[in-house]
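Residue strings, one per chain:
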Amino acid sequence: MNTRSLIRPCPVRSHAAVAGCLSLVLAAGPAPAQSLLPDSFFVDRPAFSQPEQPGKPASCETIAAQLPDSVPPDSRVDMAIAGTVSLIRTDGALWYVAVCAEPGVRVLCVTYGANDLKLGDRAVLRGGYSRQDKRHVMLDPCLASPENGAGGGEP
């Protein structure tokens, strides 16, 4: 069998495309590492945790006392909250699920699915914490799931 007939030269444009993509990746450099917050940050904040670690969900009534004013820009901290769903919207790609009513702190979860949640359902939201202003928190990325009692909010 002639192996040269099995090997086809790649078109020049394929090499150029690969080289272009590779140069973009190399120019971007490595992604910056996120630093972990010290354990002292989590004292008196059971709803907060290191990334991808479970926190004890706060309730709409108790979350305000746990909110930090800020998180260092190179850090990620997760937050968990249980509450009644007050908003569900989608833009076709992402879902936006909110809990807690005014005048308290409102929490918005940016997620890829609403997990069959409906307005008025009890839900647990867990995700990357970002303080928007004094009364608004965004969790992104976030998971929204029905509250099942086991991972529920504080009594």
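Being a predicted model, the structure only gives us computed values, none of them experimental.

Rules used in this analysis
- Residues numbered from 1 in each chain as written.
- Predicted model: local features only at pLDDT ≥ 70, side-chain atom pairs only at ≥ 80, totals over all residues.
- Heavy atoms only, no water.
- Helix = DSSP H or I, 4+ residues; strand = E, 2+ residues; numbered from the N terminus.
- Buried < 20%, exposed > 50% of the residue type's maximum accessible area, 1.4 Å probe, protein only.
- Contact = heavy atoms within 4.5 Å.
- Disulfide = S-S within 2.5 Å.

Engineer: An account of the environment of Gly127 is needed here, citing residue identities and associated values.
Structural biologist: Secondary-structure assignment places Gly127 in strand β6 (residues 122–133). The exposure class of Gly127 is buried, given its relative accessible area of 3%. For the pair Gly127 and Phe48, spaced 79 residues apart in sequence, the C-alpha separation works out to 9.6 Å. Contact partners of Gly127, with chain neighbours within four places excluded, come to Arg76, Val77, Asp78, Met79, Leu139, Pro141 and Cys142.

Engineer: Can you lay out the state of the cysteines for me, pointing to particular residues and giving the numbers?
Structural biologist: Following the criterion strictly, the structure yields two disulfides and no others. Disulfide pairing places Cys60 opposite Cys100 at an S-S distance of 2.0 Å. Between Cys60 and Cys100, the disulfide has an S-S torsion of -85° and is therefore left-handed. With Cys60 in the loop between β2 (58–59) and α2 (63–66) and Cys100 in the loop between β4 (95–99) and β5 (106–111), this pair connects stretches of sequence that are 40 residues apart. Taking relative accessible area as the criterion, Cys100 reaches 4% and is therefore assigned buried. Across the disulfide, Cys109 is cross-linked to Cys142 (sulfur-sulfur distance 2.1 Å). Between Cys109 and Cys142, the S-S torsion sits near -110°, and that sign places the bridge as left-handed.

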